[in-house]
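Here's the letter readout for the chains.
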Protein chains: 2
Amino acid sequence: MCQHCNYGNLLTTAGLEATAHRLHVLEAIGDSTFPLSAVAIHQSVAGRRAINRVTVYRILDTLVEHGVVDRISTGGRAFNYGLAPNAHHQPHPHFYCTRCGRMCCLAPESLNVDTHPLWKTFPGRIDRIEVRVDGVCKNCLPLETQSRN
Amino acid sequence: MCQHCNYGNLLTTAGLEATAHRLHVLEAIGDSTFPLSAVAIHQSVAGRRAINRVTVYRILDTLVEHGVVDRISTGGRAFNYGLAPNAHHQPHPHFYCTRCGRMCCLAPESLNVDTHPLWKTFPGRIDRIEVRVDGVCKNCLPLETQSRN
DNA sequence: GCTTCAAATGCAACTTTATTGCATGACCGA
DNA sequence: TCGGTCATGCAATAAAGTTGCATTTGAAGC
Ligand SMILES: [Mn+2]
Ligand SMILES: [Mn+2]
Ligand SMILES: [Zn+2]
Ligand SMILES: [Zn+2]
């Protein structure tokens, strides 16, 4: 469990009832050091307690809507989910390994994005800027050279 | 048609046979001022010439593999496609309107991303850095305020 | 403690988007 | 003309998420 986040508080602060299912889903996300897919979250929660996959999707929608969790695009067809930035978690970019499909969180300061020119000129409303780094992770790198496919 | 790109040349330069279908798909992408979904591309091409949607998916895969076209993640479940950066087209970030689902290309200089800290510290291989700006486009902004849903 | 009612959950069917397998067709060179 | 390779078509399948509706749950009021 994350040192700084009380998951029950996160939920109630966001105006959400802290049901057991919601707590389990949020725990699965918060305890992971990298963003997880809905399927992975379902598996993780279902390991400890029966839960329908639709319920997981609905809980994820709710958590994202209320800003507790971030929906992170992988570059693949499915989304991943991670704790939304808050007092204890700065916003940060993510890395996506195109070989194993695993994401990882990058340090907030690893990329410096200057958004000022955009804010001045863009005619619409800007809600979020998402940066994703694609490549091959250090685990997959050795495998990459031998099997040329 | 883009002033500077000869689509036939783009294909043959990439080592691809310039079939009629491939040319039509590439034209649909290159003539658009914003990235298009596979479904939109299929509709566009099919309007002028019978083509199977699977063929469109396969052509898109081929074009992406050979670096002629970029697969751009929308923040939704489907991908969009745009011309890959080349001599006449600098890499640039994209904006995704979460209300109408339309993307648009942003000026290359609208966001300045400093990637140096990442290159120095990241232990894997970096192939690409994708930046997506989410929000509400100027067309949708008026609609947004009246219908609160 | 009982009742009530909205919110949460379960389950089946469905949708969207993309992929796979296999058959057919077109093209190019020998 | 023949052979082979690559492109295309078509049907079936897969992956990921959504919808509709029935059932359960649990907090609020009595
Ligand atoms: Mn993260
Ligand atoms: Mn573009
Ligand atoms: Zn990897
Ligand atoms: Zn819009």
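Scroll up for the structure.
Below: a short report on this structure. (Residues numbered from 1 in each chain as written. Chains lettered and ligands numbered in written order. Predicted model: local features only at pLDDT ≥ 70, side-chain atom pairs only at ≥ 80, totals over all residues. Heavy atoms only, no water.)

**A closer look at the overall build of chain A**
Now for step 1: Within chain A, the regular secondary structure consists of 6 helices and 7 strands.
Now for step 2: Listed by position from the N terminus, the elements making up chain A come as α-α-β-α-α-β-β-β-β-β-α-β-α.
Now for step 3: Projected onto its principal axes, the C-alpha positions of chain A cover 45 × 45 × 30 Å.
Now for step 4: Scored against the burial criterion, the 149 residues of chain A give a buried share of 40%.
Now for step 5: In chain A, the proportion of contacts linking residues at least 24 apart, taken out of those at least 6 apart, comes to 52%.
Now for step 6: When the accessible surface of chain A is summed, it comes to about 8200 Å², and 50% of that surface belongs to carbon and sulfur atoms.
Now for step 7: Here chain A holds 15 positive side-chain charges and 12 negative ones, and the gap between their average locations is 7 Å. (Helix = DSSP H or I, 4+ residues; strand = E, 2+ residues; numbered from the N terminus. Buried < 20%, exposed > 50% of the residue type's maximum accessible area, 1.4 Å probe, protein only. Contact = heavy atoms within 4.5 Å. Areas by Shrake-Rupley, 256 points an atom, 1.4 Å probe, with all protein chains shown as cover. Lys, Arg positive; Asp, Glu negative; His and termini not counted. Charge placed at Lys NZ, Arg CZ, Asp CG, Glu CD.)

**Brief notes about helix α2 (residues 20-31) of chain A**
Residues and elements named next belong to chain A.
Now for step 1: A rise of 1.5 Å per residue sets the reference length of α2, with its 12 residues, at 16 Å; its end C-alpha atoms lie 16 Å apart and thus fit the reference within 8%.
Now for step 2: Those residues of α2 that fall on the buried side of the exposure criterion are R22, H24, V25, L26, A28, I29 and G30.
Now for step 3: Considering only its buried residues, α2 is in contact with α1 (7-13), β1 (36-37), α3 (38-46), α4 (53-65), β2 (69-73) and β3 (79-83). (Expected span 1.5 Å × (residues − 1).)

**Describing the packing of helix α2 (residues 20-31) of chain B against helix α4 (residues 53-65) of chain B**
Residue and element names in this part refer to chain B.
Now for step 1: Relative orientation of the contacting elements α2 and α4 amounts to 75°, with a least axis distance of 10 Å. Taken together, the axes of α2 and α4 lie roughly perpendicular to each other. For the pair α2 and α4, the contacting residues are H21, R22, V25, L26 and I29 in the first and T55, I59, L60, T62 and L63 in the second.
Now for step 2: Grouping the constituent residues of the contact of α2 with α4 by class yields 6 nonpolar, 3 polar and 1 charged. (Axes fitted to C-alpha atoms, helices over the stretch in contact; angles between N-to-C directions. Parallel < 35°, antiparallel > 145°, perpendicular 65-115°, else oblique. Nonpolar A, V, L, I, M, F, W, Y, C, P; charged D, E, K, R; others polar.)

**Overview of the coordination of the manganese ion (ligand 1)**
Residues and elements named next belong to chain A.
Now for step 1: Coordination of the manganese ion (ligand 1) by the protein comes from H92 (NE2), H94 (NE2) and C105 (SG), over a distance range of 2.1 to 2.4 Å.
Now for step 2: Motif for the manganese ion (ligand 1), donor spacing along one chain: H-x1-H-x10-C.
Now for step 3: Since its relative accessible area comes to 27%, H92 is described here as partly exposed. (Donors = N, O, S within 2.8 Å, 3.2 Å for Na, K, Ca; no water.)

**Focus: the packing of α3(A) against α4(A)**
All names here are of chain A.
Now for step 1: Relative to each other, α3 and α4 sit at 120°, their axes nearing to 10 Å. By the criterion of interaxial angle, the relationship of α3 to α4 is oblique. α4 is crossed by α3, and the crossing has right-handed handedness. Judged by residue contacts, A38, V39, I41 and H42 of α3 engage R53, V56, Y57 and L60 from α4.
Now for step 2: When the residues that make up the contact of α3 with α4 are grouped by side-chain class, the tally is 6 nonpolar, 1 polar and 1 charged. (Left-handed = near helix turned anticlockwise from the far one by under 90°.)

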